[in-house]
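Coordinate analysis (summary)
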There are 2 protein chains.
Amino acid sequence: MTKSPPKTASTTLEQDSIGLPSAEEDHARRRRNPTRERLLAAAGPTFAQSGFDHVTVRELAAQAEVNVAAVGYHFGDKLGLYRAVIESIRSRKDRRFPTPDNAEQDPRKRLTQIVSNLLCRMASSDETGWETQLLLREIQRPTPVFEHIVRVIFRPQFEHLIETLRELSQSELQAHQLEQVALSIVGQCTYHATGYGMISILITPENLETKFNTNSTVVHIVASTLASIQSGTIQDYEQMITEFLEATRKNR
Amino acid sequence: MTKSPPKTASTTLEQDSIGLPSAEEDHARRRRNPTRERLLAAAGPTFAQSGFDHVTVRELAAQAEVNVAAVGYHFGDKLGLYRAVIESIRSRKDRRFPTPDNAEQDPRKRLTQIVSNLLCRMASSDETGWETQLLLREIQRPTPVFEHIVRVIFRPQFEHLIETLRELSQSELQAHQLEQVALSIVGQCTYHATGYGMISILITPENLETKFNTNSTVVHIVASTLASIQSGTIQDYEQMITEFLEATRKNR
DNA sequence: GATGGTTTCAAACGATTGTTTTAAACGGTT
DNA sequence: AACCGTTTAAAACAATCGTTTGAAACCATC
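Throughout what follows, the structure given in this document is the object of discussion.

Criteria and thresholds
Residues numbered from 1 in each chain as written. Chains lettered and ligands numbered in written order. Predicted model: local features only at pLDDT ≥ 70, side-chain atom pairs only at ≥ 80, totals over all residues. Heavy atoms only, no water. Helix = DSSP H or I, 4+ residues; strand = E, 2+ residues; numbered from the N terminus. Buried < 20%, exposed > 50% of the residue type's maximum accessible area, 1.4 Å probe, protein only. Contact = heavy atoms within 4.5 Å. Areas by Shrake-Rupley, 256 points an atom, 1.4 Å probe, with all protein chains shown as cover. 1 Å grid on protein atoms, 1.4 Å probe; cavity = no way out; pocket = protein on both sides within 12 Å on 5 of 7 lines; lining within 4 Å. Points joined across faces, edges and corners; volume = space filled by probe spheres on them. Expected span 1.5 Å × (residues − 1). Least-squares fit on C-alpha atoms with pLDDT ≥ 70 in both. Axes fitted to C-alpha atoms, helices over the stretch in contact; angles between N-to-C directions. Parallel < 35°, antiparallel > 145°, perpendicular 65-115°, else oblique. Left-handed = near helix turned anticlockwise from the far one by under 90°. Near = heavy atom within 4 Å. Polar contact = N/O pair within 3.5 Å; in protein donor to acceptor, adjacent residues only side chain to side chain. Nonpolar A, V, L, I, M, F, W, Y, C, P; charged D, E, K, R; others polar. Buried area = accessible area lost by both parts, 1.4 Å probe. Salt bridge = Lys/Arg side-chain N within 4 Å of Asp/Glu carboxyl O.

Focus on the overall build of chain A
Looking only at helices and strands, chain A features 13 helices and 0 strands. Order of helices (α) and strands (β) in chain A, N terminus to C terminus: α-α-α-α-α-α-α-α-α-α-α-α-α. Counting only residues that meet the buried cut, chain A has 48% of its 252 residues in that class. A separation threshold of at least 6 residues defines the contact pool for chain A, and within that pool the share at least 24 residues apart is 69%. In the structure as shown, chain A presents an accessible area of about 13100 Å², 50% of it carried by carbon and sulfur atoms.

Topic: empty space enclosed by the protein
In this structure the tally under the stated criterion is 4 cavities of 30 Å³ or more. Lining the largest cavity we find 22 residues, and of these A:His54, A:Gln140, A:Arg141, B:His54 and B:Arg141 sit closest to its centre. Of all the elements in the fold, those that place two or more residues in the lining of the largest cavity are helix 7 (129-140) of chain A together with helix 7 (129-140) of chain B. If one sorts the elements of the lining of the largest cavity by residue count, helix 7 of chain A sits on top with 4 residues.

Some points on helix 7 of chain A
All names here are of chain A. Helix length check: helix 7 (12 residues) gives 17 Å between terminal C-alpha atoms against 16 Å at 1.5 Å per residue, within 8%. Among the 12 residues in helix 7, 10 count as buried, and that is most of the element. Those residues of helix 7 lying buried are Gly129, Trp130, Glu131, Thr132, Leu134, Leu135, Leu136, Glu138, Ile139 and Gln140.

Examining the relation of the copies chain B and chain A
Once turned by 180° and shifted 0.0 Å along the axis, chain B lies on chain A with an RMSD of 0.0 Å. Classification of the inter-copy transformation places it as that of a two-fold axis. Ranked by how close their C-alpha atoms come to the rotation axis, the residues of chain B are headed by B:Ser228, at 2.1 Å. Interface residue correspondence from chain B to chain A reaches 100%, placing this contact among same-surface, isologous pairings.

Quick notes on the packing of helix 8 (residues 146-169) of chain B against helix 9 (residues 175-194) of chain B
All names here are of chain B. Packing of helix 8 against helix 9 leaves a shortest axis separation of 9 Å and a crossing angle of 120°. When the axes of helix 8 and helix 9 are compared, the pair comes out oblique. The way helix 8 lies across helix 9 gives a crossing that is right-handed. Within the contact between the two elements, helix 8 uses Phe158, Leu161, Ile162, Leu165, Arg166 and Ser169 and helix 9 uses Leu178, Glu179, Val181, Ala182, Leu183, Ile185 and Val186.

Brief notes about the protein's contact with DNA strand D
Inspection of the region around DNA strand D gives 17 residues, with A:Thr35, A:His74, B:Arg58, B:Asp77 and B:Lys78 positioned closest. The sugar-phosphate portion of DNA strand D accounts for 52% of its atoms within 4 Å of the protein, the bases making up the rest. The separation between a phosphate oxygen of DNA strand D and a polar side-chain atom of A:Thr35 is 2.7 Å. Contact between DNA strand D and B:Lys78: a phosphate oxygen at 2.8 Å from a side-chain N or O atom of the residue. Looking at the surface near DNA strand D, the elements that each hand over two or more residues are helix 4 (69-75) of chain A together with helix 3 (57-64) of chain B. When residues in the surface near DNA strand D are grouped by element, the largest group, 3 residues, is from helix 4 of chain A. By residue class, the composition of the surface near DNA strand D is 6 nonpolar, 6 polar and 5 charged.

Considering helix 9 of chain B
Compared with an ideal rise of 1.5 Å per residue, which puts 20 residues at 28 Å, helix 9 of chain B spans 28 Å between its outermost C-alpha atoms and is within 8% of the ideal. Within helix 9 of chain B, 17 of the 20 residues are buried, which leaves the element mostly enclosed by the surrounding structure.

Focus: the interface of chain B and chain A
The interface is formed by 68 residues belonging to chain B together with 68 residues belonging to chain A. Carbon and sulfur atoms supply 69% of the area buried between chain B and chain A, which totals about 6100 Å² over both sides. In this structure, the connection of chain B to chain A is made through 10 residue pairs in polar contact (both at pLDDT 80 or more). When contributions to the side of chain B that touches chain A are tallied by element, the ones reaching two or more residues are helix 6 (107-123), helix 7, helix 8, helix 9, helix 10 (196-202), helix 11 (205-211), helix 12 (214-230) and helix 13 (234-251) of chain B. Among the elements that line the side of chain B that touches chain A, the one with the most residues is helix 9 of chain B, at 13 residues. Here the side of chain B that touches chain A is composed, by residue class, of 27 nonpolar, 28 polar and 13 charged.

Brief notes about the protein's contact with DNA strand C
With respect to spatial proximity, 18 residues lie near DNA strand C, and among them A:Asp77, A:Lys78, B:Thr35, B:Tyr73 and B:His74 are the closest. When atoms of DNA strand C within 4 Å of the protein are sorted by moiety, sugar and phosphate together comprise 48%. Here a base nitrogen of DNA strand C and a side-chain polar atom of B:Arg58 are 3.4 Å apart. Take B:Tyr73: an N or O atom from its side chain is 2.9 Å from a phosphate oxygen of DNA strand C. Of all the secondary-structure elements, those providing two or more residues to the surface near DNA strand C are helix 3 (57-64) of chain A together with helix 4 (69-75) of chain B. Ranked by residue count, the leading element in the surface near DNA strand C is helix 4 of chain B, at 3 residues.

Details of unusual backbone geometry
In the Ramachandran plot, A:Glu65 falls in the positive-phi region, its phi being about 60° despite a non-glycine side chain. Structurally, A:Glu65 is set in the loop between helix 3 and helix 4.

Some points on the pattern of salt bridges
Residue and element names in this part refer to chain B. With the rule as written, the count across this model stands at 13 salt bridges over all chains. Ionic pairing is found between Glu131 and Lys93, a salt bridge with its closest N-O pair at 3.8 Å. Pair noted here: Glu131 is in helix 7 and Lys93 is in helix 5 (residues 78-96), with a separation of 38 residues, a long-range link. With respect to burial, Glu131 and Lys93 carry one shared label: buried. Glu163 serves as the salt-bridge partner of Arg166, at 3.4 Å between the closest nitrogen and oxygen. You can see Arg166 and its partner Glu163 sitting in helix 8, 3 residues apart, about one turn around the helix.

What follows is the structure in structure tokens.
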């Protein structure tokens, strides 16, 4: 009845189509709203820790010290709150890295920075930590906002990585090979983040602390990538492996 | 009241401690039980597809065409049924690969086989497909049986992989470096399985079919691994990356 | 065919989920 | 101070979860 003002319908909006005339003041008014902001701020880390499905709205409300009905009133939906969290991540990322240009550097240093940033943000639980962990959960178990996230957040970083790899390979690798190498890097990083529970069981404790911390992992990933790229023998190996596979298939 | 016979308490047994006198005939009797077997057979793929949490016991019962109370009667618990599924996976694996010896081969061929097997079982949804996918889900979101799975199922395969890598490197790599390479391989494989939803968005459709199918992925992973191992320059690269990281940390 | 243990079934249980309701409290304007 | 739209709060909503119940069906044995 009297709840017309906010309550964005979370199922209808796909993109951020904020451009209406009254939207400006509306948004400004909301920003001064303490409970909405408190809920939004608390929802991020909570979603990141347990994932969308395993978080209850009562948990979110308790974490923000607001009433449970607040999520329905301000965001319409649990999914609406989640979308708002995603949007806040994106806008914050754009503001912090307006242009990802630490350009004209040594591409090897740039690759090291990319991997280091990725792994550090995945590992630690500081301000930017929960953001990356939330995005990680989106890969593991996609929600309705998955495709949006990939296109808006992941793709730019992915292309930045590919561009760096292109400089590194000195155009000896084809486009799809660059993509493969990039995916390998991202895959190793995500695995060290999501699979740490298994790693800590498989690896002996003393090695775990000294050789499998974030720094050592960065060193290994970057070093093996550089070694495989610049050895110049990948093509020969690929030919050999292909023959192996064909032989195995015949033997079957 | 009258439900004494089966109903194993799922919370108490951690290991497979089947050795009691009457357990033999009891187990034999159960094996002839159609509903128990039907439930167990249907639960595997269902758990694999949606994960433990997102599967309802009514779903499991409907899939097996049995009553919902059957899971409580035969397995005591939803988690008890899950444990039985895990146990069935382990026993089947032991029976199929009693000794993982396709030994005395070219270690490069053996590595190719390992990666190929891993990726094929992850990708396809045949008989062995759901098993691997269920184990994958366990990594992404561990259940109370996680540690048991890692020690009993994952560790043997992991050590087999490391042994192969040791032969490949001709003892030029230290133990922890072998572990790092092994984790990189496993990480890339799991990423190509779990992250395919993202890959299919990031990669252009024509390349996706031709260059990112299972075969091409196997070729790339094995080839880049061999190239990085046998280039002999990893140590130099590691030294360089370490200096990069220290420089970055100072600049901050 | 009656008996007693074993297995199946429909129904219901208590707990928890996301969401909605209804009224009270708030805050600026006249 | 009275008004009115906006925001908060406690309670209830319907739906669904895992699990349990109690009686019916089954089945070999006497």
